[in-house]
There are 2 protein chains.
Amino acid sequence: MISINLAKQIIFQKTRLIKGVEREGFLQAQGRVLAQDIRTTTDLPAFNRATVDGFAVKSVDLKAQSAKFPKLLKIIGVAEAGCPSKKIIGKGQAIKIMTGGVVPKGADCVAMKEYCRQKGNEVFVGQAVRKGEGIAFKGEDAHKNSLIIEKGNLVTPAIVGLCATLGLPFVKVFGRPKTAILVTGNELLNVTQKLSSGKIRSSNQYSLFTQVKESGGAPILLGIARDDRRALITKIKSGFECDILLISGGVSVGDCDLVPSVLRTLGAKIFFHKVAVQPGKPLLFAKKNKTLIFGLPGNPVSTMVSFHEFVRPCILKMSGRRDFLTKTATAILAEEIKLNPARTKILRGKTLLREGELFVKLSEHQGSGNIISVVKADCLFKVPEGVRKVVKGRKVVVEYLS
Amino acid sequence: MISINLAKQIIFQKTRLIKGVEREGFLQAQGRVLAQDIRTTTDLPAFNRATVDGFAVKSVDLKAQSAKFPKLLKIIGVAEAGCPSKKIIGKGQAIKIMTGGVVPKGADCVAMKEYCRQKGNEVFVGQAVRKGEGIAFKGEDAHKNSLIIEKGNLVTPAIVGLCATLGLPFVKVFGRPKTAILVTGNELLNVTQKLSSGKIRSSNQYSLFTQVKESGGAPILLGIARDDRRALITKIKSGFECDILLISGGVSVGDCDLVPSVLRTLGAKIFFHKVAVQPGKPLLFAKKNKTLIFGLPGNPVSTMVSFHEFVRPCILKMSGRRDFLTKTATAILAEEIKLNPARTKILRGKTLLREGELFVKLSEHQGSGNIISVVKADCLFKVPEGVRKVVKGRKVVVEYLS
C-alpha cells in the first residue's frame, strides 16, 4: 500500500502529452486547451483611443493654473468611433469625439462630455484636464507580437474574445484524451431494468462518463462486463485502443476481483495496487502499450472520488493543461469531525459563504457507500493519516467539484 | 446613478422563471437545471449489503470476551455480488461473501477476508468482529421515497449517477433562456477583416456567446448593427423574440449612443440606466413584453464584467437555479491596491494557493480597456465605493470565473 502522494507522482510520471493537435474555430474552441501561444497581431490598442465621450483638445489650453474656466474652444470637426477625423487640432481648438474614436493629431487629452457645454461651433469646458486624460494610448496594453497567453491554458470566454480582437478565426487546441469506461460485476443491471434480489443498477459508467467530459476527455462507454475472465479479456482489449482505460470494480481482494489477474494475462504492467486513502484503497494503476489503465473501486462514492483525485489530473496533463488544480478555497470547518486515523481521508463537503467567510461542513454521513454524500457535496477536502479529530473552526483547503 | 446592490435587486425582481420544462435523457441532462425533485425509488441500500470481502457470520461467535481466536467456523455457502445465498447462517457457521453481496439471513456481521484463513470447507477467523461490522444496512442512507435533491440544482456527475441508480432514464430540466446578442458600433469589423484606421474587430458578441453558454443560456448571435436608428430598430426588434436581449455598446452619453432612445421608441420600459460601478457604469436595464434587455457598455472588459455581475445571475434565476453564486473563496491580497474611490470597483484577479493559503493579486493593469486583464484573470473581486487603498494581507472574497 503506497501513499496518496506517491501514487499521484507515479501517475504523473507515466502520463504523456496526447499526440495530435487540432485546428478549431475560435468560438468552438471554448473549453478546449490551447496548443499554441497567443501573441498580439498589432499594438493593443492599435491607435490612441478615446476612453470617454467628449472633446479632444490640447491640455495646454486647459491647465488648472493658467486657464480661466469655463474655457471656450472652437469645434473644428467630429471623430466618431470608426470614422476618424483627419484634422489637426491647434491651440484653442477642439474636436468632438466619441468613446472608441481615434484621438486626432494635435490633441493630447479628451475632456469628458460631462464637463462640457456645446453651443453651435463652440464648446465651454468647465474644468481642467490633464495631459493623457481620456486616452488609451497605442500599445499601452501590449505591443505588437507580445505573448498574451501561453499554450496549455483553457480557452475561456475572454480568450475567445481575444482571438476575435486579434483576427484569429482558428486556434490550435490539443486533442481530447479518448477515455474508455468499463464497469464490471454480476450484480449490475441497466438503468431501465427492474431491481431483483441482490442486484443494483450500474451507475458508475455514467458518473464517470460525465466526469470525463467535465475534465476535457472524450468518454467512450464499453458497457458492463460480467465477473468472468473471457468477458473481461474481450472488453479490456477493446479499451486498449484508447488513451486511458477506466475499469470500475473487480480490483479488490474478493474471489470475483479478476481485473488485476486479467490485466497481467494481457501483458499490462501494474505500477501499483492499493493506496492508503479512504475512500479508494483498492486503486490500481497500470499501462499497456500507450494506454494508461486505472482500476477503480466499484463503490459509487469511491469511484467518483478516486476519479477526481487520480484520473482527473491525468486527463488534464495528457490534454496539455499547465494547471491541474481544480478551483480551491480555504474554508473554516463548521463542525467537529472524528475519524479513523488509519488512512488519508477524502471527505465530501458543502461550502457556505457567511459574512465574508467561507465555511464547510460534511455533506452527509460519509460512509463509502453513501452516494448521497457526493450528490449533496460541492467540494472535497483531505484529512491526513493519523488524525483522529479535526476541531470546529480549523481551516481546511477544499477543492470544488463540477 | 444607482448602487450595484439596488441594480441587482431590480434585475432579480423582474426576472421570472422560464416557461417550459423539457424531458431529457439522464446522461444528456448533465449541466442542465433539475425541474423536478429526485426521490429514492427504493431504500438505499436496497438490501443489507456487504461492504467488504470476507465471511458473513454471527457476531456472537466472534465476541472478544468469549471466543478463542483463531475461531473455526464451517462454510455453508457463497454469496457473490448479484448472486445471493438462500441459506440461513446458524451458530458456528459462515458464508463466504464478496463486497456488494447480500448479507445472508442469520448473519449480523462480515469478517474481513484479511482477518480470515480458509481451509477447505472451514475458515479460521483471527479476531473479534462486532455486530454490524462490514454491513451497510437496508435503508441506512435513505428510505424509499426520501427527497434526495431538490429541483433547481445543476445536474452534476453525482446526480447523473444517482438517476442511474434509481432507474430514472429521464429527468425533467428547465429550458435554457434564449439569449440574443447584438453588438453595435460603426467601428466594428468581422474577425477575418483587416484592420483599417480607427476600426477594431468585434469581440464582444463572441465573449458574450461563450459566457451565455457557460451560464446555461442558449445564445443567439444577431450580428453587428451600425450606429443608425433604422439598423438598430430592425435588429433590436428581432431580439424581442428571445427571453433576454443583450446589446453591447451604444448605451453611453455620446452622440452615437442611440440604444436608450431606440428602446424608448420601441416601447421598452427602462428601469435604470447607469450604475455606480467600475467598469460598467453605463449599464441599462429594460423590458419589452417578456424580454429582459441589458444595455452593456461596449468596452470588452466592461461587457464581460457586467455580464458576470448582472446578466449571469439573471440567466441562472430564469433557468430555475436555486443558487446564483459562482464558486467563491476568501483570499489574501498579495499586493497593495490603490483606487479611485468614486465607485464600487470590480477588479480582475489571479489566485495562487501557497502552503494552504489562497492568495490573490491583480491580473494586469486594470484599465477598463485592457482585455488582457480578463484573459489572465481567474476571478473577480469587489472593493466598495469610498475605499482609496486596500492593504496587502487584507482578506477579500473572490468569485471564480469559468
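This is a predicted model, so every value here is computed, not measured.

It is worth spelling out the overall build of chain A at this point. Secondary structure summary: chain A contains seven helices and 28 strands in total. Over its C-alpha trace chain A gives a radius of gyration of 31 Å, far above what one expects of a compact globule, namely 21 Å for 402 residues. Across its three principal directions, the C-alpha atoms of chain A cover 95 × 50 × 40 Å. Counting the 402 residues in chain A, one finds 56% classified as buried. By sequence separation, contacts in chain A at least 24 residues apart represent 70% of the contacts at least 6 residues apart. For chain A, the computed accessible surface area is about 16,900 Å², with 50% contributed by carbon and sulfur atoms. Here chain A contributes 64 positively and 32 negatively charged side chains, and the mean placements of these two sets differ by 3 Å.

Residues and elements named next belong to chain B. Take Arg 312: it is sitting in helix α6 (residues 300–318). Buried within the structure, Arg 312 lacks any salt-bridge partner; Glu 399 is the closest side chain of opposite charge, at an N-O distance of 5.6 Å. Ignoring any residue separated from it by four or fewer positions in sequence, one finds Arg 312 in contact with Ser 215, Phe 307, Phe 324, Leu 325 and Thr 326.

What follows is about the pairing of strand β26 (residues 379–383) of chain A. All names here are of chain A. Counting buried positions along β26 yields four of five residues, so the element is predominantly enclosed. In terms of strand pairing, strand β24 (residues 344–354) meets β26 through five bridges, oriented antiparallel. Across the sheet, the residue bridging to Gly 349 is Cys 379, located in β26. In the sheet, β26 pairs with strand β28 (residues 395–400) via three bridges, with the strands oriented antiparallel. Counterpart to Leu 380 in the pairing with β28 is Glu 399.

In terms of domains, chain A is made up of domain 1 (4–19 + 176–318), domain 2 (22–39 + 148–174), domain 3 (49–136) and domain 4 (328–400). Averaged C-alpha coordinates put domain 1 of chain A and domain 3 of chain A at centres separated by 67 Å.

All names here are of chain A. Tracing the backbone through its elements, the reader meets Ser 373 in helix α7 (residues 372–375). In this structure the side chain of Ser 373 is engaged in a polar contact, spanning 3.0 Å, whose partner is the side chain of Arg 348. If near-sequence neighbours (up to four positions away) are discounted, Ser 373 is found in contact with Val 301, Arg 348, Ser 363, Glu 364, His 365 and Gln 366.

Another point: the interface of chain B and chain A. With 87 residues of chain B at the interface, the matching set in chain A holds 87 residues. Of all residues in chain B, Pro157(B), Lys327(B) and Val375(B) give up the largest surface area on contact with chain A, accounting jointly for 8% of the area buried on that side. A salt bridge links Asp255(B) to Lys96(A), with the nearest nitrogen and oxygen atoms 2.5 Å apart. There are 19 residue pairs in polar contact (both at pLDDT 80 or more) connecting chain B and chain A.

To continue, consider the environment of Leu284(B). All names here are of chain B. Considering the arrangement of structural elements, one finds Leu 284 in strand β20 (residues 284–288). Note on Leu 284: relative accessible area 0%, which makes it buried. Sequence separation between Leu 284 and Ser 261 is 23 residues, and the spatial gap between their C-alpha atoms is 12 Å. With near-sequence residues (within four places) excluded, Leu 284 lies in contact with Val 251, Pro 260, Leu 263, Ile 270, Phe 272, His 273, Ile 293, Phe 294 and Gly 295.

Our next topic: the sheet that holds strand β6 (residues 93–97) of chain A. Residue and element names in this part refer to chain A. A sheet is described by the order of its strands in space; here six strands give the open sequence β7-β4-β6-β5-β9-β8, paired in mixed fashion. Two strands lie at the open edges of the sheet, namely β7 (109–112) and β8 (116–119), each paired on one side alone. The sheet shows a mean angle of 40° between the axes of neighbouring strands, direction not considered. In this structure, strand β5 (residues 71–79) lies alongside β6, joined through five bridges in parallel fashion. By the bridge assignment for β6, Ile 75 is matched with Ala 94.

All names here are of chain A. Counted by the stated rule, this structure contains eight aromatic pairs over all chains. On the basis of an interplanar angle of 35° and a centroid distance of 5.6 Å, the ring pair of Phe 271 and Phe 285 is categorised as tilted. On the criterion of sequence distance, the pair formed by Phe 271 in strand β18 (residues 269–273) and Phe 285 in strand β20 (residues 284–288) is long-range, its members being 14 residues apart. Using a relative accessible area of 22% as the deciding quantity, one classes Phe 271 as partly exposed.

Attention now goes to the sheet that holds strand β5 (residues 71–79) of chain B. All names here are of chain B. Taking strand neighbours across the sheet as the criterion, the six strands line up as β7-β4-β6-β5-β9-β8 in an open arrangement whose pairing is mixed. The open sheet is flanked by β7 (109–112) and β8 (116–119), the only strands paired with a single partner. For this sheet, the mean inter-axis angle between neighbouring strands, taken without regard to orientation, is 40°. Summarising the sheet, β5 and strand β9 (residues 122–125) pair through four bridges and their orientation is antiparallel. Among the inter-strand pairings, Lys 71 is bridged to a residue of β9, identified as Val 125.

Looking now at the pattern of salt bridges. Going through the model one piece at a time under the given rule, you end up with 24 salt bridges over all chains. Residue Lys8(A) is joined to Glu309(A) by a salt bridge in which the shortest nitrogen-to-oxygen separation is 2.8 Å. Of this pair, Lys8(A) sits in helix α1 (residues 4–14) while Glu309(A) sits in helix α6 (residues 300–318), and the two are 301 residues apart along the sequence. A residue is classified by how much of its surface remains accessible, and Glu309(A), at 4% relative accessible area, is buried. Between Lys376(B) and Glu364(B) there is a salt bridge; the shortest N-O distance is 3.7 Å. Of this pair, Lys376(B) sits in the loop between α7 (372–375) and β26 (379–383) while Glu364(B) sits in the loop between β25 (357–362) and α7, and the two are twelve residues apart along the sequence. What makes Lys376(B) partly exposed here is its relative accessible area of 28%. On the basis of relative accessible area, Glu364(B) is assigned to the partly exposed category, the value being 28%.

Attention shifts here to the pairing of β8(A). Residue and element names in this part refer to chain A. In the sheet, β8 pairs with strand β9 (residues 122–125) via four bridges, with the strands oriented antiparallel. From the neighbouring strand, Lys 119 faces β9, where its bridge partner is Glu 122. Counting the residues that bridge the hairpin from β8 to β9 gives two residues, and of these Gly 120 lies at a positive phi of roughly 60°.

Further remarks concern the relation of the copies chain B and chain A. Laying chain B over chain A is done by rotating through 180° and shifting 0.0 Å along the axis; what remains is an RMSD of 0.0 Å. Between the two chains, the operation in question is that of a two-fold axis. Closest to the rotation axis within chain B is the C-alpha of Ala329(B), separated from it by 2.5 Å. Interface overlap between copies: 100% of the residues of chain B at the interface are likewise at the interface in chain A, consistent with a symmetric, same-surface contact.

What follows covers helix α1 (residues 4–14) of chain B. Residue and element names in this part refer to chain B. Inspection of α1 places Ile 4, Ala 7, Ile 10 and Ile 11 among the buried residues, and these make up the whole buried set. The buried residues of α1 occupy one face: seen down the axis, they fall within an arc of 130°. Of the exposed residues in α1, the ones pointing more than 90 degrees away from its buried face are Asn 5, Gln 9 and Gln 13.

About the criteria used
Throughout this document, residue positions are counted from 1 along each chain, in the order its sequence is written. Throughout, the order in which chains and ligands are written sets their labels, letters from A for the former and numbers from 1 for the latter. At least 70 in pLDDT is required for a residue's local features to be given in this predicted model, at least 80 for side-chain atom pairs to be given and counted, and no such filter applies to totals for whole chains, interfaces and linings, which use all residues. Only hydrogens and water are set aside when side-chain values are computed; all heavy atoms of the structure are taken into account. The way it works is that DSSP assigns letters per residue, a run of H or I at least four long becomes a helix, a run of E at least two long becomes a strand, and they are numbered from the N terminus. Radius of gyration here is computed from C-alpha atoms only, and the compact-globule reference equals 2.2 Å multiplied by the residue count raised to the power 0.38. Each residue gets one of three labels from its accessible area relative to the maximum for its type: buried under 20%, exposed over 50%, partly exposed in between, using a 1.4 Å probe on protein chains only. Here, residues are in contact when the closest pair of their heavy atoms is within 4.5 Å. For the area figures, the Shrake-Rupley method with a 1.4 Å probe applies, and any residue is considered shielded solely by the protein chains shown. None of His or the chain ends enter the tally, which takes Lys and Arg as positive and Asp and Glu as negative. By convention, the point assigned to a charge is CZ for Arg, NZ for Lys, CD for Glu and CG for Asp. Within this document, salt bridges are pairs made up of a side-chain nitrogen of Lys or Arg and a carboxyl oxygen of Asp or Glu, the two lying within 4 Å of each other. Should DSSP find at least two bridges between two strands, the strands are taken to pair. An automatic or database domain assignment supplies the start and end points of every domain. The definition of a polar contact used here is a pair of N or O atoms within 3.5 Å, where within protein one atom must be able to donate a hydrogen and the other to accept one, and adjacent residues in sequence count solely through side-chain atom pairs. Put simply, buried area is how much 1.4 Å-probe accessible surface two parts lose in total, over both of them, once they are put together. Orientation is described by axes fitted as lines to C-alpha atoms, over the contacting stretch for helices, and by angles from 0 to 180 degrees between their N-to-C directions. Each aromatic pair joins two rings of Phe, Tyr and Trp (for Trp, the six-membered one) with centres within 6.5 Å, and gets the label stacked for planes under 30 degrees apart, edge-to-face for over 60, and tilted for any other angle. To line up the copies, we fit them by least squares on C-alpha atoms, keeping just the residues with pLDDT of at least 70 in both. Working definition: the arc comes from the directions between the helix axis and the C-beta atoms, pointing outward to the latter.

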